Amino acid sequence: MAATAATLPSPGAAPDDVLVGIRDLKVHFPITSGVVIQRRIGAVRAVDGLSFDVMRGETLGLVGESGCGKSTTGRAILQLEKLTAGHVHYEGVDLARLSGGALRRQRRRMQMIFQDPYASLNSRMTLGHIVGEPLLVHKLRARDERVDRVKELLNLVGINPNTVNRYPHEFSGGQRQRIGIARALAVEPNFIVCDEPISALDVSIRAQIINLLQELQRRFDLTYLFIAHDLSVVRHISDRVAVMYLGRVVELAANAELYGEPLHPYTQALLSAVPIPDPVVEERRRPVVLTGDVPSPASPPPGCHFHTRCPAMQQGLCDVDDPVLTEIRPGHFAACHLVTATDYPKIRSAEDTAASTVAAPRPDDSAAERGTS
Amino acid sequence: MNPPSDILLNVTDLAVTFDSQEGAVHAVDGVSFAISPGETVGLVGESGCGKSISALAILGLVRMMSNSIITGSVEFMGRDLLALPESEVRSVRGRDMAMIFQDPVTSLNPVLSIERQMTEGIENHLGVSHADAVKRSVELLEMVGIPKAAERLRDYPHQFSGGMRQRVMIAIALSCNPKLLLADEPTTALDVTIQAQILHLMRQLSRDYQAAIMLITHDLGVVAGMTERILVMYAGRIVEAATAKEIFASPHHPYTVGLLRSVPRLDRPRLATLQSIEGLPPDLAHLPRGCAFAPRCVLRTERCRAERPELTPTTAGRLSACFESDKLVKTAVA
């Protein structure tokens, strides 16, 4: 399965367009029992075999529900989590082989923006120290230049540079997120993992931060891995989107393709569940209501992880064999047994299902009815 | 607006002020609205705008906070709850008026079984035997879609997933056939696919039970599909009130316009940049003298800084607390 997934570059992409290559990434957390002698009795398979590439200069959106492993993926790419298996290549260098100083030097190129602007800033440090610390760690500026650089960074993210001696509690959530962004930019990275950077913020502040991230990307040629559960925001900001379910990527495609014609049943259900802020549209929509909960990653179901909730599930196939993430169309990958180059299961709402037979995948009514969505 | 007999809840000039080290914090500042039986109303606003405190005040839960001052009236089924003694409010709360909280993890007691938590209210309010209360609880759990309800009743909250816990909360809220259900961000802590399940369930139940619902949320998408009427709150005040269709088709307050424009939509073409509302929500302890939204507003004039606009009918016959709302009526909203 690794062979198919390992050759994943976008169509027409030269190998050096790949900034970060992720191959067969697995992060399992042990479940132990016993007080003194801890026996390993199982593992939470947070990330269970991921392969994809992040292209230079793009924003790759990584979406999924809570517990699907998207944050762990982000942390594992930055080597903040120990990999159980697999490789992360940054500009062709395998990060797992680096340690100490060599890894630290690589880390300068990759930074992270965290979800919670309250927990991610040390409340006992001033802004000057928070934003200046990366400069110190990486020995990037002489002492007397450091304050100027911090002020420059704060100015860049829209924070008054004269606040360098203030503490985080004097700032609101949105402002703190800007400070977190300034800290990430301090070391002039190429690649930033944005882990739910706006979900802790107020609605009226979210757009400000999204616009700031986009502006900074243009200005500094940044590459983003944008992790979020909000599908509308991911559509707005991403060039390509990967959808995760229970530790695996189930679909990966360019933005317009993924949102225009989602192939995987899970992606279809996920998109249909997003409420649209318009009562007229909502009246006409019939969301697919998936039954049941996401299974525990400690004991994922056999076969396709999604088969327990999938309306198109085929017994004897989906609950037995693992589907492999395969390139269905150029640049459009899906991990589903029922998705082929010419056909894919079309998931409809319960009301519609009652009227027609949708449970079994149909071989020949391909793209015809899809035009209406 | 409505004939008196048609009003279930009538909130008049409700104000909640908290004492703090920084001075008086006006969490809710003169809120008036009415809800008819069976109606679904959305209360929309950002964190700190006073929407949750309004709900807690209506339930009589704010007056237990020692540093609070409440004024105004909350008339529910003809009685002013703010004037009633606690013992009588207790006979209403949980029975005719019930609440679903945002966080199903912290709002259920972790050391009591679901059975205990469900039957307590039923026995107290409806005066039935424990055996009957258990029977009713099983029915309720089945109704909200919990499989093997009779067995699950003996389980504890940690044995349920987030979505299932929220179903239990809804079952508890519905246990005494409430006339009014206050739902404070009922799906915010849940994943989208689970949110869709819970909203679907609430829609069904409000239809079957004829209960009025006040849905409190920051998510415009959630209210769009769920409610008939929407109240938009900003800094402790209602700044716009209209039917859901009216609000989304042509918002009459610049804050509502800003909110609608700042959210990317799945059903619209992608935009290069989002239109954001500049600035920050105000500090409730230091509100500006005029309109609280004026510092962030694109339409502000001198008058907005000096004078506070009241919620009044616009020339188009809609309710908006803005001096300049006529300008919005003319410019079509994207």
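Residues numbered from 1 in each chain as written. Chains lettered and ligands numbered in written order. Predicted model: local features only at pLDDT ≥ 70, side-chain atom pairs only at ≥ 80, totals over all residues.

## Overview of the overall build of chain B
Here's step 1: Broken down by element type, chain B carries twelve helices and twelve strands.
Here's step 2: Against the 2.2 N^0.38 benchmark of 20 Å for 334 residues, chain B shows a C-alpha radius of gyration of 21 Å, consistent with a compact globule.
Here's step 3: Along the first, second and third principal axes, the C-alpha set of chain B runs to 65 × 50 × 45 Å.
Here's step 4: Residues counted as buried form 48% of the 334 residues belonging to chain B.
Here's step 5: Within chain B, contacts between residues at least 6 apart in sequence are counted, and of these 64% link residues at least 24 apart. (Helix = DSSP H or I, 4+ residues; strand = E, 2+ residues; numbered from the N terminus. Rg over C-alpha atoms; globule rule 2.2 N^0.38 Å. Buried ≥ 20, exposed ≤ 12 C-beta atoms within 10 Å, placed from the backbone. Contact = placed C-beta atoms within 7 Å.)

## Details of the overall build of chain A
Here's step 1: Tallying secondary structure elements over chain A gives twelve helices and twelve strands in all.
Here's step 2: Here chain A holds 373 residues, and 47% of them are scored as buried.
Here's step 3: Within chain A, contacts between residues at least 6 apart in sequence are counted, and of these 65% link residues at least 24 apart.

## A short note on the packing of helix α4 (residues 127–137) of chain A against helix α6 (residues 173–185) of chain A
Residue and element names in this part refer to chain A.
Here's step 1: Between α4 and α6, whose axes approach to 7 Å, the crossing angle comes to 30 degrees. The angle between α4 and α6 falls in the class roughly parallel. Of α6, the residues touching α4 (which contributes L127, I130, V131 and P134) are I179, A182 and R183.
Here's step 2: Its residues assigned to classes, the contact of α4 with α6 comprises six nonpolar, no polar and one charged. (Axes fitted to C-alpha atoms, helices over the stretch in contact; angles between N-to-C directions. Parallel < 35°, antiparallel > 145°, perpendicular 65-115°, else oblique. Nonpolar A, V, L, I, M, F, W, Y, C, P; charged D, E, K, R; others polar.)

## Observations concerning the packing of α4 of chain A against helix α5 (residues 143–156) of chain A
Residue and element names in this part refer to chain A.
Here's step 1: At a minimum axis separation of 9 Å, α4 and α5 run at an interaxial angle of 110 degrees. As judged from the angle between their axes, α4 and α5 are roughly perpendicular. Judged by residue contacts, L127, G128, V131, G132 and L135 of α4 engage R146, V147, R149, V150, L153 and L154 from α5.
Here's step 2: Residue composition of the contact of α4 with α5, grouped by class: seven nonpolar, two polar and two charged.

## A few points about the environment of T71 of chain B
All names here are of chain B.
Here's step 1: Tracing the backbone through its elements, the reader meets T71 in strand β4 (residues 68–76).
Here's step 2: For T71, a count of 12 C-beta atoms within 10 Å corresponds to the exposed category.
Here's step 3: Along the primary structure T71 and D29 are separated by 42 residues, whereas in three dimensions their C-alpha atoms are 9.5 Å apart.

## Structural notes on the pairing of strand β3 (residues 40–44) of chain B
Residue and element names in this part refer to chain B.
Here's step 1: The element β3 is extensively covered by neighbouring structure, given that five of its five residues are classed as buried.
Here's step 2: Pairing of β3 with strand β8 (residues 212–217), which is carried by five bridges, proceeds in the parallel orientation. Counted as the bridge partner of G42 is L215 from β8.
Here's step 3: Bridging between β3 and strand β9 (residues 229–234) involves four bridges; their strand directions are parallel. Following the sheet pairing, G42 is matched in β9 by I230. (Pairing = 2+ DSSP bridges.)

## Brief notes about α6 of chain A
Residue and element names in this part refer to chain A.
Here's step 1: Helix length check: α6 (13 residues) gives 19 Å between terminal C-alpha atoms against 18 Å at 1.5 Å per residue, within 8%.
Here's step 2: For α6, the buried fraction is high: twelve of the 13 residues fall into the buried class.
Here's step 3: Those residues of α6 lying buried are G174, Q175, R176, Q177, R178, I179, G180, I181, A182, R183, A184 and L185.
Here's step 4: Residues of α6 that are buried sit in contact with β6 (110–113), α4, α5, β7 (191–195) and α7 (203–220). (Expected span 1.5 Å × (residues − 1).)

## Quick notes on the confidence of the model for chain B
Here's step 1: Averaged over chain B, the pLDDT score is 89; the fraction of residues at 70 or greater is 97%.
Here's step 2: For this predicted complex, the interface confidence score (ipTM) comes to 0.81, while the overall pTM stands at 0.85. (pLDDT = per-residue confidence, 0-100.)

## Topic: the sheet that holds strand β2 (residues 23–35) of chain B
Residues and elements named next belong to chain B.
Here's step 1: Strand order in the open sheet formed by four strands is β2-β1-β4-β5, with antiparallel pairing between adjacent strands. With partners counted over all chains shown, the strands left at the sheet margins are β2 and β5 (79–80), one partner each.
Here's step 2: Bridge count for strand β1 (residues 9–20) against β4 is eight bridges, and the pairing is antiparallel. Considered in β4, the bridge of L9 is made with F76.

## Here's the deal with the sheet that holds strand β1 (residues 18–33) of chain A
Residues and elements named next belong to chain A.
Here's step 1: As summarised here, the arrangement of the four strands in space is β2-β1-β4-β5, forming an open sheet in which the pairing is antiparallel. Strands with a single pairing partner mark the edges of an open sheet, and in this sheet they are β2 (39–55) and β5 (93–94).
Here's step 2: Judged from the five bridges that link them, β1 and strand β4 (residues 85–90) form a sheet pairing that is antiparallel. Bridging from a neighbouring strand, G21 pairs with H89 of β4.
Here's step 3: Running over the sheet, helix α2 (residues 70–77) touches β1, β2 and β4 and is turned about 115 degrees from β1.

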